[in-house]
Each structure stands twice: as structure tokens, then as C-alpha cells.
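# Topology and contacts: notes
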Amino acid sequence: MEILVKDNYEQMSVAAAKLVARTLNAKPNAVLGLATGATPLGLYRELVRMHKDEGLDFSQVTTFNLDEYVGLTRNHPQSYHYFMHENFFKHVNIPKQNIYIPSGTTDNYAAFCQWYEQRIHECGGIDLQLLGIGSDGHIAFNEPASSLGSRTRIKTLARTTIQDNARFFDTLDQVPIYAITMGVGTILEARKILLLANGRPKAAAVAAAVEGPVTCMVTASALQLHRDVLFVVDREAAGQLKMLDYYQWIQEKMVDAP
Ligand code: GLP
């Protein structure tokens, strides 16, 4: 695992965008796994800027989003479809037919989940998977006790996640209880994984993911089993890492650090 510590949110976002751009420069038809939440907003903003100012081209890119709330239509302002459209897709040139987001309104979830996994496979697998992290250490919506081999499926959200995400809804009882999410096993098949985290509320989850035991109670800890994972975090989110000095020492010695 590599840990890159940036001074603030802005720098974290710019470093992450550079890595995405590097992937696209090396492989213009890359398959990207995309995440939602407040964390990647700065990254999407920077990618949009690079598209507009520097001609970063997405015309051959395919994307698969991690998750979606069950029961929210695609134009519901809190749906991840809406989030992705507003914050990213409508500003860049990814062909519509190359965009995949789990459906929160299908009438056959089992068939949909199987189809989603199959589409990822048919598109050649995910080259770069972006992730945030929940305060309980979850990735996508793989809540504590999710199988580390899990595939795309429906998950019941933990109370902490419902409370964390209530900030985006008018009332707590408007937050959906179920989500459709890529599994931990699905995520681990990506060729490269980039996890972003910022702010003190994420510090415990980041430390557990990087330095704790591999456990289904912190699904981000499963990333320790992947051979190409980069955490880009701000100082606050790095606050509980015991080996922080060492990670910074490695960073100083890195020739091509973003
Ligand atoms: C949700 C999403 C995750 C995201 C997490 C953290 O649970 N399913 O993909 O990483 O929220 O969100 P935020 O970045 O808003 O803290």
C-alpha cells in the first residue's frame, strides 16, 4: 500500500486528478470505477477543469459507479445518478452509452447485479477504481460484516451510515435503508485502487484500514490484500496513523509523486 499525505483537501483532490489523468494518458480507453460522496467532489472539479483547460479527453472512457440507493429514481436530487450527472458527467465528454451506474429502481435486483458484474467483465475489468471511506471503514456500501469476497448485491445500510448521509436529506427517515453496491470482491479485482479521505472524522477509519487487521468489520482493510492501492489523504485524515513518519519519508523519496 502507498500512503500519500497532502496538506489539505484541495491538494488531495489535485493529486488524485493527476493520477486519473496519468491513467487516461497511458490508456485513453480506460475503464474507471467511480465513487460518490463529498470526498471526491474536488477531484471531479479538477478533472472537469483539466478537460476544459487542458483537453483531458474522456471520449473513449467507460465508467462503472460503485453504488446507488435503492428506491431513488435517477432524477432524485440525492440519487447517485443525479450526483454523477451534476458533478461530473454533464461537464465532460464520456459517451452516454459508456456510463454504468447501479439501478436503484430495477424490478429484478438479482438479475441486475449479475448483469452489472458481467458488464464490468465484458468491458475488460476496471483499470482504476476510486474510493472514499465511510466513518465505520466501509468502502462503497460494504458495511461491517460484509463478506470480503462479496459481489454486487443489495445491502442494508448501517445506522451510522444512515446518520452520516442524513446531512444530504431533509430528514433522517428520508435516507434509504437499502443500497445496491459493488462487493468487496468486485472492488478487489480492479487493477489499481485509489482511496481518498479527508477530515478528522475519517482518521480512525483510515488508521484501521491501513494499519489494523484485515477484517470484515472494516471492509476497507481488505485493500491490504490488493497489490496496487494508493491512499491519498489530507493531514487530518492521516492523524491516527502510527507509521505516519515512515509514509512521509517514503513520499519524500518518491521520484514521481503526484
Ligand atoms: C457513502 C458512499 C461511499 C462513500 C462514503 C463516504 O457511504 N457509498 O462510497 O465513500 O459515503 O462519503 P463522504 O465522502 O461523503 O464522506
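It should be emphasised that the depicted structure is a prediction, and the values quoted were computed from it without experimental measurement.

Moving on to the pairing of strand β3 (residues 62–65). Neither face of β3 is open: one carries T62 and F64, the other T63 and N65, and all of them are buried. Two strands pair when backbone bridges link them, and strand β2 (residues 31–34) and β3 are joined in this way by 4 bridges, in the parallel orientation. Of the residues in β3, the one forming a bridge with L34 is N65. Pairing of β3 with strand β5 (residues 99–100) involves 2 bridges; the strand directions are parallel. Across the sheet, residue F64 finds its bridge partner in β5, namely Y100.

Turning our attention to the pairing of β2. Remark: a regular strand shows side chains that alternate across the two faces of the sheet. Side chains V31 and G33 of β2 all project onto a buried face; the interleaved residues L32 and L34 project onto the opposite face, where all are buried too. The parallel pair β2 and β3, bridged by helix α2 (residues 41–54), forms a crossover whose chirality is right-handed.

To continue, consider the packing of α2 against helix α3 (residues 80–87). Running from N to C, α2 and α3 point in directions that differ by 40°, and their axes come no closer than 10 Å. Taken as axis vectors, α2 and α3 run oblique relative to one another. On the side of α2, the interface is formed by L41, Y44 and V48, while α3 contributes F83, M84 and N87.

Ordered in space as β1-β10-β9-β6-β2-β3-β5, the 7 strands form an open sheet in which the pairing is parallel. The outermost strands of the open sheet, each flanked by one partner alone, are β1 (2–6) and β5. Relative to strand β10 (residues 229–234), strand β9 (residues 192–197) runs parallel, the two sharing 5 bridges. Along β10, the bridge assignment pairs L196 with V232. Each of β1, β2, β6 (128–131), β9 and β10 is contacted by helix α1 (residues 9–26), which is oriented at about 155° to β10, the strand it contacts most.

Calculation criteria
- Residues numbered from 1 in each chain as written.
- Predicted model: local features only at pLDDT ≥ 70, side-chain atom pairs only at ≥ 80, totals over all residues.
- Heavy atoms only, no water.
- Buried < 20%, exposed > 50% of the residue type's maximum accessible area, 1.4 Å probe, protein only.
- Helix = DSSP H or I, 4+ residues; strand = E, 2+ residues; numbered from the N terminus.
- Pairing = 2+ DSSP bridges.
- Right-handed = clockwise from strand over helix to strand, strands pointing away.
- Axes fitted to C-alpha atoms, helices over the stretch in contact; angles between N-to-C directions.
- Parallel < 35°, antiparallel > 145°, perpendicular 65-115°, else oblique.
- Contact = heavy atoms within 4.5 Å.

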